[in-house]
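Structural description and commentary
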Amino acid sequence: MNTEKIKCLIIGSGPAGYTAAIYAARADLNPVVFEGMQAGGQLTITTEIENFPGYPEGVAGTEMMSQLKAQAERFGTEVRPESITKADFSHRPFAIETESGANILAESVIIATGASARWLGLESEQKFMGQGVSACATCDGFFYKNQVVAVIGGGDTACEEASYLSKICKKVYLVVRRDELRASKAMQERVFANEKIEVLWNSKPNEILGDADGVNGLRIENSKSGETKDIELMGVFLAIGHKPNTDLFKEQIELDAQGYIKTLDKSSKTNIEGVFAAGDVMDPSYRQAIVAAGSGCKAAMDCERFLIENPIAE
Ligand code: NDP
């Protein structure tokens, strides 16, 4: 069987993956991007992006990602709508398998698989997934026009989602487990000034209530008094943080306690020579598109240097 050879294989298609691809393509590394399950990454499920330099009027996440993709393709990047299912980093070239069963030998790999939304872990959450439970207000908010909904979480994402939903919905509960928000001051002020958002402090979601038609309520417990109460609503949006997408690599690549890829010093180098990491998958602190893009650039530059210094004989 013919095994395809790829010089620079990039896993993930968010700002990190595409920036790595732009740099790698311009350096003649013939990169191939495997888009993964969520083509375009997390920005395709967010609202307007107002803090990415170069867009004075802001830009929709989906639009920015299609522009990044087009820019990478302009320099010869090949983008494949597929996921990687196996990666063997025990020797170079690395043996990679795709979801369609194709076998690839990669001279170098840039991991830019990002992070995914976290869930509460309630049975009812799984049961009503897509029937009133969502982790993306931009994707699903439209279905709750003039309804009552809740957002779970107290970070920037939760506040952003609550503000977004308040434009569509009749009322938004922001369910916060402590007596303060983790979100930035600016985001907090926006929430407090919004009459349609009611913050429920010290509130732990115990159960998502519903029937055959989907969600119709949320049971919350007050962590101070222990009292529970049911709120009538039609939709529950989870915004309690993210998990790095590193399951595929965890046996081989060194991770930190939260599962993020550890990189050496200030580089994008992992513990495996020839494997680099960029973006949210290695960044527990900043997790911003611009930072991810910057780290994608670093990964491509590190990769280029590595390939020059470590050629594989034909
Ligand atoms: P965060 O980790 O910042 O916040 C998660 C929130 O969910 C916290 O309030 C946390 O509570 C709460 N939480 C976690 N687990 C549970 C649970 N089991 N039950 C109830 N609540 C829970 O994640 P975000 O996604 O909000 O933000 C991630 C990063 O992205 C941050 O750095 C943020 O600043 C950034 N960001 C920036 C934006 C912007 O600038 N426009 C927009 C969105 C995100 P607790 O506080 O008690 O731990």
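Located above this text is the structure these notes cover.
Residues numbered from 1 in each chain as written. Predicted model: local features only at pLDDT ≥ 70, side-chain atom pairs only at ≥ 80, totals over all residues. Heavy atoms only, no water.

What follows deals with helix α1 (residues 15–26). Residue pairs spaced three or four apart in an α-helix point in one direction, given the helix's 3.6 residues per turn. If you check α1, its first and last C-alpha atoms are 17 Å apart, about what 12 residues at 1.5 Å a residue would give, namely 16 Å. On its buried face, α1 is in contact with β1 (4–11), β2 (32–34), α2 (61–74), β5 (78–80), β8 (103–111) and α7 (289–309). Of the residues one or two after α1, Asp28 is the one with positive phi, at around 65°. (Helix = DSSP H or I, 4+ residues; strand = E, 2+ residues; numbered from the N terminus. Expected span 1.5 Å × (residues − 1). Contact = heavy atoms within 4.5 Å.)

Right, let's talk about the pattern of salt bridges for a bit. In total, this model carries 10 salt bridges according to the counting rule given. Residue Asp247 pairs with Lys250 through a salt bridge whose shortest N-O separation is 4.0 Å. Residue Glu254 pairs with Lys262 through a salt bridge whose shortest N-O separation is 3.7 Å. One salt-bridge network, held together by shared partners, links Glu4, Glu78 and Arg80. (Salt bridge = Lys/Arg side-chain N within 4 Å of Asp/Glu carboxyl O.)

Turning our eyes to something else, we now look at the packing of aromatic side chains. Using the criterion set out here, one finds 7 aromatic pairs in the structure. Relative to Phe94, the ring of Phe89 lies with its centre 5.3 Å away and its plane at 85°, an arrangement referred to as edge-to-face. Phe94 carries the same exposure label as Phe89, and that label is buried. Here the aromatic rings of Phe192 and Trp201 are separated by 6.2 Å at their centres, their planes lie at 50°, and the arrangement is tilted. Exposure remark for Phe192: the relative accessible area of 47% places this residue in the partly exposed category. With a relative accessible area of 31%, Trp201 lands in the partly exposed category. The rings of Phe89, Phe94 and Phe249 are connected pair by pair, giving a single aromatic cluster. Of note, Arg26 hangs over the ring of Phe75, and the distance from its end group to the ring centre comes to 5.1 Å. (Phe/Tyr/Trp six-rings, centres within 6.5 Å; stacked < 30°, edge-to-face > 60°. Buried < 20%, exposed > 50% of the residue type's maximum accessible area, 1.4 Å probe, protein only. Lys NZ or Arg CZ within 6 Å of the ring centre and 35° of its normal.)

Strand order in the open sheet formed by 3 strands is β14-β15-β16, and the pairing between neighbours is antiparallel. The open sheet is flanked by β14 (203–211) and β16 (228–232), the only strands paired with a single partner. Each strand axis lies, on average, 25° off the axis of its neighbour in the sheet, ignoring direction. With 8 bridges joining them, β14 and strand β15 (residues 214–222) adopt antiparallel strand pairing. Bridge pairing links Ser203 to Asn222 in β15. (Pairing = 2+ DSSP bridges. Axes fitted to C-alpha atoms, helices over the stretch in contact; angles between N-to-C directions.)

Take the packing of helix α5 (residues 156–166) against helix α6 (residues 185–192) next. The contact between α5 and α6 brings their axes to 9 Å, and the two run at 35°. Once α5 is placed against α6, the crossing between them reads as left-handed. Residues Asp156, Cys159, Glu160 and Ser163 of α5 touch α6, and the partners they reach there are Met187, Arg190 and Val191. For the contact of α5 with α6, the per-class residue count stands at 3 nonpolar, 1 polar and 3 charged. (Left-handed = near helix turned anticlockwise from the far one by under 90°. Nonpolar A, V, L, I, M, F, W, Y, C, P; charged D, E, K, R; others polar.)

The next point concerns a positive patch on the surface. On the surface, Arg118, Arg177, Arg182 and Arg287 cluster together to form a positively charged patch. One can find Arg182 in the loop between β12 (171–175) and α6. Looking at Arg182, the relative accessible area reads 65%, which means it is exposed. (Patch = residues over 30% accessible without salt bridge, like charges linked within 9 Å, V, L, I, M, F, W, Y side chains within 5 Å. Areas by Shrake-Rupley, 256 points an atom, 1.4 Å probe, with all protein chains shown as cover. Lys, Arg positive; Asp, Glu negative; His and termini not counted. Charge placed at Lys NZ, Arg CZ, Asp CG, Glu CD.)

Attention now moves to the pairing of β15. Bridge count for β15 against β16 is 5 bridges, and the pairing is antiparallel. In the strand pairing of β16, Glu221 is matched with Thr228.

One recurring pattern in soluble globular proteins: nonpolar side chains tend to sit buried together. Of all hydrophobic cores here, the largest spans 31 residues; its most connected members are Cys8, Ile10, Tyr18, Met64, Ile110 and Cys303. At the level of secondary structure, the elements contributing two or more residues to this core comprise β1, α1, α2 and α7. The element best represented in this core is α7, accounting for 8 residues. Here Tyr18 is in contact with Ser13, Val33, Glu35, Met65, Leu68, Lys69, Ala72 and Val79, once residues within four sequence places are set aside. Counting residues in hydrophobic clusters, the runner-up holds 22 residues, among them Leu9, Ile96, Ile111 and Ala277. (Core = buried A, V, L, I, M, F, W, Y, C linked by side-chain atoms within 4.5 Å.)

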